Amino acid sequence: MRAEVLGAGVVRRATALADGRDLFYYDDPDTTLGPERAIDARTLPTRPDTATMRLDVLTGDWITVAANRQNRVMMPSADADPLAPQTPGNPSEVPSRYDVAVFENRSPAFGPALAEAVGAAPAARNAPRGLDDLAAPGLGRTRAAIGRCEVVCFSPDHSGSFGTQTVTRARTVIEAWADRTAALSALPGIQQVFPFENRGEEIGVTLPHPHGQIYAYPYVTPRTARTLEQVDRTAPDLFARILESEQGSERVVLRGEHWTAYVPFAARWPLEVHLMPHRQVPDLAATSAAERDELAPLYLRLLRGVDALYDPARTDAAARTQGTDPAHTPGAAPAADATTAARPTPYIAAWHQAPVHVGRESVRLHLQLTSPRRAADRLKFLAGSESAMWAWAAEVTPEQGAERLRAAIAFTTASEGSAV
């Protein structure tokens, strides 16, 4: 097993699963694990063929058709958790006990084939031939959905999320994100790398295990393409201008030496917050050790504030302090019964990174965290206008959202003291 020391004392150990998929262990700097790891002795079926992409000629978007994803595991019990370390009764995806583990998804939307053969990944037939090829119009156009989809296990525990980890563990995950971003960006045919975390059944999570994913796309995603167009229409330093404007607003919720978290001026979702570094960096691989060190506790404070938004203990405490009805306390979440309010906040935590080959000097790394939860017991659904016409209407003003989130962060900081 190949081992390498990364930043912050994190050790990466590289190996492979029984069907040839890559597996990487990332050991905490204070790990209690030894250097040896078990071999994956399972007998696994042959990996599925690489999916096909089809061009939507009306929008220019490429749609992946990946039928192999139909049979993914759905909310298994703890004793059948496929992301837990293997046991005699649970032949899971990870053979050994781990701190953080990253491996190739068994049911990927992209890959395993690449534009050229690398290691166990074969060269695809009909692979995209660069961005110009993908931009060409035409009815009935198809290309192989080359790329890579990886699973990032934040912990061997059966439940939790990034926000439930320790600062040390969060720092290990950040190091893994940066390491995998660099490695995936170097694969032939990869145009963009996207780390993200889906949290909560409300937004479609199928595994309760604390984990995220990384997609390595064969194209520049539609969202990023729109951003590149806006940069071209305005100024190459658009992200610097946005950050300066937001830092001078009432929408800032957290600010450190290297990062600022804010609710954006034109937030779409009832809960939406962005986290941006203070200097131009294209992706996580380009961040400095100091930036990663600050990101770990700052991001945890933000996520724990997100969970406290609908915490009845916070609402009641605010009411007692101000001598008011909790339902009318400034910054308080709408009231709901304790069972509903105590549920963790569902969200998508999306790390937007610059494409691999274009926009590196203008597109800035940033987190976009969104939640469909518009009240303690209500969700925002994307119905006719948003889904069909991409025309949004927001029910919560960004300024109100920032005020509520600042109050929630202050509550968790006071409750936990120096824990984060």
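Calculation notes
- Residues numbered from 1 in each chain as written.
- Predicted model: local features only at pLDDT ≥ 70, side-chain atom pairs only at ≥ 80, totals over all residues.
- Heavy atoms only, no water.
- Helix = DSSP H or I, 4+ residues; strand = E, 2+ residues; numbered from the N terminus.
- Contact = heavy atoms within 4.5 Å.
- Expected span 1.5 Å × (residues − 1).
- Bend = angle between axes of the 7 residues up to and from the residue.
- Core = buried A, V, L, I, M, F, W, Y, C linked by side-chain atoms within 4.5 Å.
- Buried < 20%, exposed > 50% of the residue type's maximum accessible area, 1.4 Å probe, protein only.
- Pairing = 2+ DSSP bridges.

Student: Outline the environment of A18, listing residues and values.
Tutor: The topology assignment puts A18 in the loop between β2 (11–16) and β3 (22–27). In the structure, A18 is positioned 257 residues away from L275 in sequence and 38 Å away in space, judged by C-alpha atoms. Each residue touching A18, except ones within four places of it in the same chain, is listed here: D40, R42 and L44.

Student: An account of helix α5 (residues 289–308) is requested, with residue identities and associated values reported.
Tutor: A rise of 1.5 Å per residue sets the reference length of α5, with its 20 residues, at 28 Å; its end C-alpha atoms lie 29 Å apart and thus fit the reference within 8%. At L295, α5 is bent by approximately 30°, the largest bend along its length, and proline P297 sits one to four residues beyond.

Student: Help me get a handle on the nonpolar core, residues and values and all.
Tutor: Soluble globular proteins tend to bury their nonpolar side chains together. F162, W177, Y299, L302 and W351 are the most contacted members of the largest nonpolar core, which totals 58 residues. Here this core gets 9 residues from one element, more than from any other, and that element is α5. With sequence-adjacent residues up to four places away left out, Y299 is seen in contact with F162, W177, L275, A349, W351 and L367. One finds M53, L55, F194 and Y215 within the second-largest nonpolar core, a separate group that totals 16 residues.

Student: Any chance you could break down the pairing of β2 for me, citing the residues and the numbers?
Tutor: Taken residue by residue, a regular strand's side chains alternate between the two faces of the sheet. In the sheet, strand β1 (residues 2–5) pairs with β2 via 4 bridges, with the strands oriented antiparallel. Bridged to A3 within β2 is R13. From the end of β1 to the start of β2, which pair antiparallel, there are 5 residues, and A8 there has a positive phi angle of about 60°. Where β2 lies against β3, 6 bridges are found, and the strand directions are antiparallel. If you follow R12 over to β3, its bridge partner there is Y26. Connecting the antiparallel pair β2 and β3 is a turn made up of 5 residues, with G20 showing a positive phi of about 95°.

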